[in-house]
Amino acid sequence: MTETAVIPSVKDLVSRAKALLLDFNGTLSDDEEVLAELVCEISDRELGVPLTRERYFSDFAGFTEENMFAVLLEEAGLTTPTPYELLQVFNAAYLERTAAQSTITADAHRFVTEARAGGKHVMVVTAASQDVVVPALKQAGLLDLLDGVIALEDVDSPKPAPDAYLQALKHLSLTAADAVAFEDSRTGIAAATGAGLTTIGIIGSLDETTLQSLTPHTAHELHPAML
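Predicted model only: the values in this text are computed from it and were never measured.

Novice: Requested: an account of helix α3 (residues 53-60), with residues and values cited.
Specialist: Within α3 the residues assigned to the buried category are Tyr 56, Phe 57 and Phe 60. The buried residues of α3 occupy one face: seen down the axis, they fall within an arc of 115°. Among the structural elements, α2 (32-47) and α4 (65-76) are those in contact with the buried residues of α3. Gly 62 sits one or two residues past α3 and shows a positive phi near 100°.

Encoded structure:
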């Protein structure tokens, strides 16, 4: 992405915002294909339920892994293992799969570091578990740069409920008008919108046409040219 490729409205939103609130999976972290592979593998191996990549992206992307596994357990007619136990299997597999190389791109890394250098607050607001998000941020050298991380364990109701974003705004002592959210999924955009935030959609989990039906502001990736 070059500076001229950034939609002016997106750059204006970022410029005016005091805080940038970043979803993790598929937004800050370029890992949705990894998530799809792991959930499909676990569904087939542990539950005997074949799950295609296409169905993962159409039905599950953006929801918590516990939610995904609860649906798949019901389809399998099983009561064990529990969704939480399958989440632990997923978390361990994710950490193993991403141990060799960070899924946070160089451009996304620069986006965060330059935003912070420019005086903006930056927080990660995710439906993923602290158990995978915190190690990934440490691995990328970003954890200490952030104002905080709001993850699955920090809220009673994860995305698409607005709780995580409302908690982030409370932590920063800001209003929704002071911040902009970056999201790649229906559930994430619903959560941000529910908290009163303007949202910039990152194209990936959803195609550009679908994403633009949910938010008028879209970009292909986090990139310092937005700043």
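Novice: Requested: an account of the side chain of Glu 183, with residues and values cited.
Specialist: Along the polypeptide, Glu 183 turns up in strand β4 (residues 179-183). There is a polar contact of 2.6 Å between the side chain of Glu 183 and the side chain of Lys 159. At 2.5 Å, the side chain of Glu 183 forms a polar contact with the side chain of Tyr 165. Discounting chain neighbours no more than four positions away, the residues touching Glu 183 are Asp 23, Thr 27, Val 125, Lys 159, Tyr 165, Gly 188, Ile 189, Thr 199, Ile 200, Gly 201 and Ile 202.

Novice: Summarise the nonpolar core; cite the residues concerned and give the values.
Specialist: In this structure, Leu 20, Leu 22, Phe 24, Leu 28, Tyr 56, Leu 137 and Phe 182 are the most contacted members of the largest nonpolar core, which totals 53 residues. No other element matches the 8 residues that α2 contributes to this core. Ignoring any residue separated from it by four or fewer positions in sequence, one finds Tyr 56 in contact with Glu 32, Leu 35, Ala 36, Val 39, Leu 51, Ala 61 and Met 68. Counting residues in hydrophobic clusters, the runner-up holds 19 residues, among them Ala 19, Ala 181, Ala 192 and Leu 197.

The rules behind each value
- Residues numbered from 1 in each chain as written.
- Predicted model: local features only at pLDDT ≥ 70, side-chain atom pairs only at ≥ 80, totals over all residues.
- Heavy atoms only, no water.
- Buried < 20%, exposed > 50% of the residue type's maximum accessible area, 1.4 Å probe, protein only.
- Helix = DSSP H or I, 4+ residues; strand = E, 2+ residues; numbered from the N terminus.
- Arc of directions from axis to C-beta.
- Contact = heavy atoms within 4.5 Å.
- Polar contact = N/O pair within 3.5 Å; in protein donor to acceptor, adjacent residues only side chain to side chain.
- Core = buried A, V, L, I, M, F, W, Y, C linked by side-chain atoms within 4.5 Å.

So, to be careful, I would describe these as geometric facts and stop short of saying anything about function.
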